[in-house]
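# Secondary and tertiary structure notes
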Number of protein chains: 2
Amino acid sequence: MPFDKFFRPKNVAIIGASHSEGKIGYIILKSFMDGFKGDIYPINPNTEPILGKRVYPNVLDIPDKVDLAVISIPAKGVPEALADCVEKGVEVVIIISGGFSEIGNKHLEEECRKIISGTKTRVIGPNCLGIYDSSSSVDTIFLPKERCGRPGKGDISFVSQSGAVGSTMLDWLAEQGTGIGKFISYGNAMDITETDLIEYLGEDRDTRVIAVYLEGIKDSGKRFIEVCRRVSRKKPIIVLKAGKSEKGKKAVSSHTGSLAGSGNIYSGAFKQAGLIEAETWEELFDFARTFSSQPLPRGKRLLIVTDGGGFGVLATDEAERAGLELPEPSKELKKRLKDILPDYTVKNNPIDLTGDADAERYRLTLEETVKSKEFDAFLIITLFQVPTLGEDVVDCITAMKKHNRPIVVCSTGGEFSERMNKRLMANGVAVLPSPERAVKALSALHRYWKYLTS
Amino acid sequence: MPFDKFFRPKNVAIIGASHSEGKIGYIILKSFMDGFKGDIYPINPNTEPILGKRVYPNVLDIPDKVDLAVISIPAKGVPEALADCVEKGVEVVIIISGGFSEIGNKHLEEECRKIISGTKTRVIGPNCLGIYDSSSSVDTIFLPKERCGRPGKGDISFVSQSGAVGSTMLDWLAEQGTGIGKFISYGNAMDITETDLIEYLGEDRDTRVIAVYLEGIKDSGKRFIEVCRRVSRKKPIIVLKAGKSEKGKKAVSSHTGSLAGSGNIYSGAFKQAGLIEAETWEELFDFARTFSSQPLPRGKRLLIVTDGGGFGVLATDEAERAGLELPEPSKELKKRLKDILPDYTVKNNPIDLTGDADAERYRLTLEETVKSKEFDAFLIITLFQVPTLGEDVVDCITAMKKHNRPIVVCSTGGEFSERMNKRLMANGVAVLPSPERAVKALSALHRYWKYLTS
């Protein structure tokens, strides 16, 4: 695919590689040296070696053919560097540098656009963080790793118009232990847009879920809808649209200079194109993580199983708001549940295993209810504050994956809970910290299934 | 006050203190021995010492006057034990034991009610976790501390009908480093209700904010409203009502046997009584922590200051949804901001200090904008992924407290961010992990101010 060179280049030229620790051009070079397997060519007029690497004065001086160039020099020098890349035949370029249309300098951005017009060279940026690819270690995120963590390998890919939203995402996911595939902060989108990237990720084998933070659509609305409609048939696209309010639209225009249209029009278009809209920053991740780990339901019949009645009630309220159904277990199923559960447990929906539940009680309940085929999705609430519920419940929930039904676990608390939650997530179970967020994620899965089957 | 003996007893009798590690009556005894300063009298027919303490066969055998009795024995033995407490003149009793009306055993609960009727003895429970008081170390939460953390001292007090919601709260707050005053899980409320507890906490010097998890009102609705209206004039009461949906109401009745009325009627009554309603489990804490640390605004003019444009846009969208105003800085203020900030920063509202902002830039901006008196509340977004923003911003935000304006910080990410956030919270700044949650908390402060002044 044409964009593959961005993510799996054989070599990279870093135009603006710096001799000074802490400078952007130094951090980028160092990131590549940390993990990237291909050749690295630092470019700087001062050709003293950096980190032991030979420095070239210009991309044109590199003896080899160059796959990817990363430009991180002051804005005014960018057109010349870009022209050199075109002359050298570099097909993909990431311009990190800011100082273009986002501060009103439209002329300079237009100049860059003209330079690549009619050539084979394609550009991500300017005014962006660029790319982080967990497989190839292409990493142009110029934030040091002790401040901005890099997630390990996973199958969620992120496309973010905003660099800060993107980097906060990366750092947070790394902390949570959630892996990602590709990350792209595309900034001003002088050439490659959100639509191009979504189209590319739609074909990308390493991407199962596409998550998008959007301020405005840089491509034509029509093409955006067309591409998304096509891609969303194959992979879920989760989108967080910022600037849906009147004041928010104004804020967008001071931020990325995008024109943000009416929120309702966006939401309508998203729905048509099969996009799953997240309403908040947290939902973007909640949904992405849930889609990445769970199969789709084949209906809206949700079963809630809990060891705390109150959490069950809160989840029930949210399920009703979200339009999910909570059917009672059939007579036959209730009878079977009576055989395996203590008298004082509640065999409705939610099933309340009560505060002395252990892993075995969860296992028996889950097996019976899955076998019954009376439910399309499962919300399992495990409050680990009670000492009867131990690590073995992690295994029993993980074992449920073989039934290929969506399962979201709701669990929250202190150190022990956190440890169990990380273990569940490492085993490919979606874990969310509140009953409401867990139900919303399950409802998003259901919405997507409905789109695909209607 | 009549309930003081629950929270500051001189001594305690633990009826059902157990010789077996892991048993509820053992854990409760141990918790008291860990921190409680008064005398402790374990009660058990088997009078072998427990944990080196002399054991009495009956509360009537205790030589001293008894302030508080905690009953944790099988349900069928509770009436007799309670009668002994009445005979002994014990004025406050916590019945931990379950097995009463929550499983349909209304008769046994009625029997207990008759035993205390017309006496001086008052009861919390049955079927509850009871009390945790961070000052006196009264602690009847029978969950081991390695599973359910106990928060340190603070001025939020919690009243929870559900034990599991309550214990998850405690564990989560302990993890977050948020202190609390008193915690009461009141269960079936055979005698003392949510209304009694709210009334008591309204007078309690150690309580600044009252947070309530409610499934149904056990007292008369009229008295609940009357008491809340009186208390909410003095202290904010934040309430999460579970069972507002049709299905949720049914779930409540299988859980605490409460009758949950229509959600809309509840919300209307809460509003009249000046209660601040939380819509989700997370909001209950977000609001409680914000009210506990922040003064009220005196209007709805919010200023957003950010180092990441995207987060500023998301906060703007939420502010518009919440009905808060985001006035532009006046001409004079913009001029002053131009003098102190780099050209490329955005001097609207949000003020975008951009990704290279340092603490000094925040300090100058906050000082100028506070001085201007053009804003009633401040949302400060600090994304610590950028290396320019260091620990010193913690001091500069903390210093803002002297101006006595509500300030909420939005910050999220990995280890470094978490460290800074904990430091900010320890300094009495409210920190929330998403722009939407931060704005909602500020909006709750504004709602309460409006209630008080209208």
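Residues numbered from 1 in each chain as written. Chains lettered and ligands numbered in written order. Predicted model: local features only at pLDDT ≥ 70, side-chain atom pairs only at ≥ 80, totals over all residues. Heavy atoms only, no water.

## Things to note about the sheet that holds strand β11 (residues 276-278) of chain B
Residue and element names in this part refer to chain B. An order of β6-β8-β7-β9-β10-β11 is seen for the six strands of this open sheet, with the pairing classed as mixed. Single-partner strands in this sheet number two, and they are β6 (130-133) and β11. Going across the sheet, the axis of each strand differs from the next one's by a mean of 15 degrees, ignoring polarity. Pairing between strand β7 (residues 156-160) and strand β9 (residues 209-214): five bridges, direction parallel. If you follow V159 over to β9, its bridge partner there is V212. Running over the sheet, helix α9 (residues 263-272) touches β9, β10 (237-241) and β11 and is turned about 180 degrees from β10. (Pairing = 2+ DSSP bridges. Helix = DSSP H or I, 4+ residues; strand = E, 2+ residues; numbered from the N terminus. Axes fitted to C-alpha atoms, helices over the stretch in contact; angles between N-to-C directions. Contact = heavy atoms within 4.5 Å.)

## Observations regarding the relation of the copies chain B and chain A
Screw-axis analysis of chain B against chain A gives a translation of 0.0 Å along the axis, an RMSD of 0.0 Å, and a rotation angle of 180 degrees. Such a combination of turn and shift is consistent with a two-fold rotation axis. Across chain B, the rotation axis passes nearest the C-alpha of E282 of chain B, at a separation of 6.1 Å. By residue overlap, the copies meet face to face through one surface: 100% of the interface positions of chain B are interface positions in chain A. (Least-squares fit on C-alpha atoms with pLDDT ≥ 70 in both.)

## Some points on the nonpolar core
By size, the foremost hydrophobic cluster in this structure holds 217 residues, and its most contacted members are L379 of chain A together with L379 of chain B. Aside from chain neighbours lying at most four places away, what touches L379 of chain B is L302, L303, I304, V305, A315, V408, C410, A438, V439 and L442 of chain B. Judged by nonpolar contacts, the second largest core, of 46 residues, contains A17, Y26, L197 and V239 of chain A. (Core = buried A, V, L, I, M, F, W, Y, C linked by side-chain atoms within 4.5 Å. Buried < 20%, exposed > 50% of the residue type's maximum accessible area, 1.4 Å probe, protein only.)

## What to know about helix α3 (residues 78-88) of chain B
Residues and elements named next belong to chain B. Along α3, the positions that sit buried rather than exposed are V78, P79, A81, L82, D84, C85 and K88. The inward-facing, buried residues of α3 contact β1 (11-15), β3 (68-71), β4 (92-95), α4 (106-116) and β5 (122-124). Backbone geometry just after α3 places G89 at a positive phi near 80 degrees.

## With respect to the interface of chain B and chain A
In this complex, chain B contributes 69 residues to the contact, which on the side of chain A involves 69 residues. Between chain B and chain A, roughly 5000 Å² of surface is buried when both sides are summed, and carbon and sulfur atoms account for 59% of that area. Our enumeration of links across chain B and chain A arrives at four salt bridges. For the salt bridge of E282 of chain B with R437 of chain A, the shortest nitrogen-to-oxygen distance reads 2.6 Å. Where chain B meets chain A, there are 32 residue pairs in polar contact (both at pLDDT 80 or more). Counting only elements with at least two residues in the side of chain B that touches chain A, the list comes to α5 (163-176), β10, α8 (246-255), α10 (281-293), α11 (309-322), α15 (415-426) and α16 (435-453) of chain B. Per-element accounting of the side of chain B that touches chain A gives the leading share, nine residues, to α11 of chain B. Classifying every residue of the side of chain B that touches chain A gives 28 nonpolar, 21 polar and 20 charged. (Buried area = accessible area lost by both parts, 1.4 Å probe. Salt bridge = Lys/Arg side-chain N within 4 Å of Asp/Glu carboxyl O. Polar contact = N/O pair within 3.5 Å; in protein donor to acceptor, adjacent residues only side chain to side chain. Nonpolar A, V, L, I, M, F, W, Y, C, P; charged D, E, K, R; others polar.)

## A short note on the pairing of β9 of chain B
Successive residues of a regular strand alternate their side chains across the two faces of the sheet. All names here are of chain B. Taken across its six residues, β9 has six buried, putting it largely inside the fold. Residues V209, A211 and Y213 of β9 are buried on one face, and the alternating residues I210, V212 and L214, pointing to the opposite face, are buried as well. Relative to β10, β9 is paired through five bridges, and the arrangement is parallel. In the strand pairing of β10, V212 is matched with V239.

## Focus: the packing of helix α5 (residues 163-176) of chain A against helix α10 (residues 281-293) of chain A
Residue and element names in this part refer to chain A. Running from N to C, α5 and α10 point in directions that differ by 50 degrees, and their axes come no closer than 12 Å. Taken as axis vectors, α5 and α10 run oblique relative to one another. In this structure, the crossing between α5 and α10 has a hand that is right-handed. Packed against α5, whose contacting residues are V165, T168, M169, W172, L173 and Q176, the element α10 presents W281, L284, F285 and R289 at the interface. Split by residue class, the contact of α5 with α10 holds seven nonpolar, two polar and one charged. (Parallel < 35°, antiparallel > 145°, perpendicular 65-115°, else oblique. Left-handed = near helix turned anticlockwise from the far one by under 90°.)

## Digging into the pairing of strand β1 (residues 11-15) of chain A
Residues and elements named next belong to chain A. Counting buried positions along β1 yields five of five residues, so the element is predominantly enclosed. Here β1 shows no split at all, with N11, A13 and I15 on one side and V12 and I14 on the other all buried. Across five bridges, the pairing between β1 and strand β2 (residues 39-43) is parallel. Its bridge partner being in β2, I15 is matched across the sheet by I43.

## Description of the pattern of salt bridges
According to the stated counting rule, one finds 71 salt bridges over all chains in the structure shown. Where D34 of chain B meets K145 of chain B, a salt bridge forms, and the shortest distance between an N and an O atom there is 3.2 Å. A residue pair is termed long-range when its members are at least 10 positions apart, and D34 of chain B in helix α2 (residues 24-35) and K145 of chain B in the loop between β6 and β7 qualify at 111 residues. Here K145 of chain B falls in the partly exposed class, since its relative accessible area comes to 37%. R122 of chain B serves as the salt-bridge partner of D191 of chain B, at 2.8 Å between the closest nitrogen and oxygen. Remark: R122 of chain B occurs in strand β5 and D191 of chain B occurs in the loop between β8 (182-185) and α6 (194-203); sequence separation between them is 69 residues. What emerges from the salt-bridge pattern is a single network uniting R122, D191, D196, E199, D219, R223 and R230 of chain A.

## Quick notes on the packing of aromatic side chains
Summed over the entire model, instances satisfying the criterion amount to 32 aromatic pairs over all chains. Each ring, one from F158 of chain A and one from F285 of chain A, has its centre 5.7 Å from the other, and the planes form 50 degrees; the classification is tilted. Here F158 of chain A is found in strand β7 (residues 156-160), whereas its partner F285 of chain A is found in helix α10, with 127 residues between them in sequence. A residue is classified by how much of its surface remains accessible, and F158 of chain A, at 0% relative accessible area, is buried. Grouping aromatic residues by their ring pairs yields a cluster made of F158, W172, W281 and F285 of chain A together with F311 of chain B. It is R147 of chain A that lies over the ring of F416 of chain B; its NZ or CZ is 3.7 Å from the centre. (Phe/Tyr/Trp six-rings, centres within 6.5 Å; stacked < 30°, edge-to-face > 60°. Lys NZ or Arg CZ within 6 Å of the ring centre and 35° of its normal.)

## Here's the deal with the domain arrangement of chain A
Domain annotation for chain A reports domain 1 (1-127), domain 2 (143-293) and domain 3 (295-453). Centre-to-centre, using C-alpha coordinates, domain 1 of chain A lies 50 Å away from domain 3 of chain A. (Domains from an automatic or database assignment.)

## Side note on helix α9 (residues 263-272) of chain A
Residue and element names in this part refer to chain A. Along α9, the positions that sit buried rather than exposed are G263, Y266 and F270. All buried residues of α9 lie within an arc of 60 degrees about the axis, which places them on one face of the element. In α9, the exposed positions that point more than 90 degrees away from the buried face belong to N264, I265 and K271. In this structure, the buried side of α9 is in contact with β9 (209-214), α7 (221-232), β10 (237-241) and β11 (276-278). Looking one or two places after α9, you find G274, whose phi comes out positive at around 80 degrees. (Arc of directions from axis to C-beta.)

## Quick notes on a positive patch on the surface
A cluster of basic residues, K271, K300, R447 and K450 of chain A, forms a positive patch at the surface. By secondary structure assignment, the location of R447 of chain A is in helix α16 (residues 435-453). (Patch = residues over 30% accessible without salt bridge, like charges linked within 9 Å, V, L, I, M, F, W, Y side chains within 5 Å. Areas by Shrake-Rupley, 256 points an atom, 1.4 Å probe, with all protein chains shown as cover. Lys, Arg positive; Asp, Glu negative; His and termini not counted. Charge placed at Lys NZ, Arg CZ, Asp CG, Glu CD.)

## Considering the sheet that holds strand β13 (residues 346-347) of chain B
Residue and element names in this part refer to chain B. The six strands are arranged β13-β14-β12-β15-β16-β17 in an open sheet whose pairing can be described as mixed. Either end of the sheet is taken by a strand with one partner, and the two such strands are β13 and β17 (430-432). For strand β16 (residues 407-410) and β17, the ladder comprises three bridges, and the chain directions are parallel. Residue pairing in the sheet places C410 in a bridge with L432 of β17. Each of β16 and β17 is contacted by α10, which is oriented at about 155 degrees to β17, the strand it contacts most.

## Thoughts on the packing of helix α13 (residues 359-372) of chain B against helix α14 (residues 392-399) of chain B
Residue and element names in this part refer to chain B. Running from N to C, α13 and α14 cross one another at 10 degrees; their axes reach a closest spacing of 8 Å. Classified by the interaxial angle, the pair formed by α13 and α14 is roughly parallel. Taking contact as the criterion, the partners of A359, Y362, R363 and L366 in α13 are, on α14, D392, V393, C396 and I397. The residue makeup of the contact of α13 with α14, split by class, is six nonpolar, no polar and two charged.

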